[in-house]
Amino acid sequence: MIDIILDVAIIGIALFLSFVSWIAYKKSGMKSILFLLLAFLLFGIKKTLENLHIIAGIKESTLDIVATVLELMILLLFFIAVVKMD
Amino acid sequence: MTHREEILQYIYKNPGITFRRLAEELGIGIGNLQYHLYQLEKENKIVSKKLGGKRYIFPKEFEKEYEPLLIAISNETQRKILLLLAEREMNQREIAEKLRLTQATINYHMNVLNKLGLIDRRKQGRNVVYSLKCDIEVIVRVISEYRPKLWDKLADKLIDLMLTLKGGELND
């Protein structure tokens, strides 16, 4: 039970950070912040997917592959956000 | 003098005053003031804009100046820069030292303020000195009333963090 509560908290924080990034993007127009926003959103999606097996009958091995791909994408987005010229 | 003329005169004396402060200082009821402001706006004598949950009121003559000013004050670093420049003119290095931010970060904000037409640049030897282009009293009044939301503060910090990470690689 505690792991579900922690996951819900993580999803909530990821969504809040996405919202903050959206405001920062609207204020500054910096494209790098848009990549950060996407990274936070994907993080929230990844956490949601990891918990899908509880409600939907999806194979854990499939979810593992999807989660790993998402992790790779998140890291790439963070990297692009830091190195991209605005 | 009618009630409405009194309100208009007070707005002319205090451009950028907030709705609540105007009601307090003139001792007028909220509903009554709302009605008069609505009429004055309809008659094209005043302009108003909501920001951070507050309504700022300007005389019509400020139409071109108020939008850039409200855009600028919605960012924490730009607010601080405007307040520093209200004290005296400064160069980028001095501003960066006072705000403990990188010169690249300050450079970005100075470019924004310059594009908004709120500051003047002047060459002094090898340095570029910045000064305020608009009314100091209006800037201080508007900034002192502004209360940013939590997510606005975090968004401003995120912008400065990204600017610091990128250092000197930023384009103007």
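Residues numbered from 1 in each chain as written. Chains lettered and ligands numbered in written order. Predicted model: local features only at pLDDT ≥ 70, side-chain atom pairs only at ≥ 80, totals over all residues. Heavy atoms only, no water.

Visitor: Just checking my understanding: could you explain the packing of helix 4 (residues 60-83) of chain A against helix 9 (residues 150-166) of chain B for this structure?
Guide: Each pair of packed helices gets described by two things: the angle between the helix axes and the distance between those axes. One way to put it is that helix 4 of chain A packs onto helix 9 of chain B with a least axis distance of 8 Å and a crossing angle of 75°. One finds that helix 4 of chain A runs roughly perpendicular with respect to helix 9 of chain B. Between helix 4 of chain A and helix 9 of chain B, the residues in contact are Ala-81, Val-82 and Val-83 of chain A and Met-162, Leu-165 and Lys-166 of chain B, respectively. Here the contact of helix 4 of chain A with helix 9 of chain B is composed, by residue class, of five nonpolar, no polar and one charged. (Axes fitted to C-alpha atoms, helices over the stretch in contact; angles between N-to-C directions. Helix = DSSP H or I, 4+ residues; strand = E, 2+ residues; numbered from the N terminus. Parallel < 35°, antiparallel > 145°, perpendicular 65-115°, else oblique. Contact = heavy atoms within 4.5 Å. Nonpolar A, V, L, I, M, F, W, Y, C, P; charged D, E, K, R; others polar.)

Visitor: Looking at this structure, I do not really get the sheet that holds strand 3 (residues 54-59) of chain B. What am I missing?
Guide: The strands making up a sheet associate through hydrogen bonds between their backbones, and the pairing can be parallel or antiparallel. Residue and element names in this part refer to chain B. Reading across the sheet, the three strands line up as 1-3-2 and stay open at both edges, with antiparallel pairing between neighbours. Edge positions in the open sheet fall to strand 1 (17-18) and strand 2 (46-51), since each of these has one partner strand only. Of the strand pairs in this sheet, strand 2 and strand 3 are connected by six bridges, and their pairing is antiparallel. Considered in strand 3, the bridge of Ser-48 is made with Ile-57. Along the sheet face, helix 1 (residues 3-13) touches strand 1, strand 2 and strand 3 and points at about 90° away from the line of strand 3. (Pairing = 2+ DSSP bridges.)

Visitor: I keep staring at the interface of chain B and chain A and nothing clicks. Help me out?
Guide: Quite often, the size of an interface is put as the accessible area lost when its parts meet. Contact with chain B, which involves 18 residues of that partner, is made by 18 residues of chain A. Roughly 1,500 Å² of surface becomes buried between chain B and chain A when both sides are summed, with 71% attributable to carbon and sulfur atoms. Applying the counting criterion to the chain B and chain A interface returns two salt bridges. Lys-27 of chain A serves as the salt-bridge partner of Asp-156 of chain B, at 2.8 Å between the closest nitrogen and oxygen. At the junction of chain B and chain A, the tally comes to five residue pairs in polar contact (both at pLDDT 80 or more). With 12 residues, helix 9 of chain B is the largest single contributor of residues to the side of chain B that touches chain A. Among the residues making up the side of chain B that touches chain A, the classes are represented as 11 nonpolar, three polar and four charged. (Buried area = accessible area lost by both parts, 1.4 Å probe. Salt bridge = Lys/Arg side-chain N within 4 Å of Asp/Glu carboxyl O. Polar contact = N/O pair within 3.5 Å; in protein donor to acceptor, adjacent residues only side chain to side chain.)

Visitor: It is not clear to me how the packing of aromatic side chains should be interpreted in this structure. Could you clarify?
Guide: For any pair of aromatic rings, geometry is given as the distance between the ring centres together with the angle between the planes. Residue and element names in this part refer to chain A. Per the stated rule, a full pass over the model turns up four aromatic pairs over all chains. Ring centres of Phe-40 and Phe-78 lie 5.8 Å apart, and the angle between their planes is 75°; this geometry places the pair in the edge-to-face category. Of this pair, Phe-40 sits in helix 2 (residues 31-50) while Phe-78 sits in helix 4, placing them 38 residues apart in sequence. When its relative accessible area of 17% is taken as the criterion, Phe-40 is described as buried. (Phe/Tyr/Trp six-rings, centres within 6.5 Å; stacked < 30°, edge-to-face > 60°. Buried < 20%, exposed > 50% of the residue type's maximum accessible area, 1.4 Å probe, protein only.)

Visitor: Explanation requested: a nonpolar patch on the surface in the structure shown.
Guide: Together, Leu-72, Leu-76, Phe-79, Ile-80, Val-82 and Val-83 of chain A together with Leu-161 and Leu-165 of chain B line one region of the surface with nonpolar side chains, adding up to about 720 Å² of accessible area. Counting residues per element, the ones that place at least two in the nonpolar patch are helix 4 of chain A together with helix 9 of chain B. Examining the composition of the nonpolar patch, we find that six residues originate from one element, helix 4 of chain A, more than from any other. Within the secondary structure, Leu-76 of chain A is located in helix 4. (Patch = residues over 30% accessible without salt bridge, like charges linked within 9 Å, V, L, I, M, F, W, Y side chains within 5 Å. Areas by Shrake-Rupley, 256 points an atom, 1.4 Å probe, with all protein chains shown as cover.)

Visitor: Just checking my understanding: could you explain the domain arrangement of chain B for this structure?
Guide: All names here are of chain B. Domains assigned within chain B are domain 1 (3-62) and domain 2 (74-169). Inter-centroid distance (C-alpha atoms) of domain 1 to domain 2 is 28 Å. Across the contact, 14 residues belong to domain 1 and eight residues belong to domain 2. Summed over both partners, the interface of domain 1 with domain 2 comes to about 910 Å²; 54% of that surface belongs to carbon and sulfur atoms. Here domain 1 and domain 2 share two salt bridges between them. Ionic pairing is found between Glu-145 and Arg-21, a salt bridge with its closest N-O pair at 2.1 Å. Our enumeration of links across domain 1 and domain 2 arrives at four residue pairs in polar contact (both at pLDDT 80 or more). If you list the elements that add at least two residues to the side of domain 1 that touches domain 2, you get strand 1 and strand 3. With three residues, the single largest contributor to the side of domain 1 that touches domain 2 is strand 3. Partitioning the side of domain 1 that touches domain 2 into residue classes produces six nonpolar, five polar and three charged. (Domains from an automatic or database assignment.)

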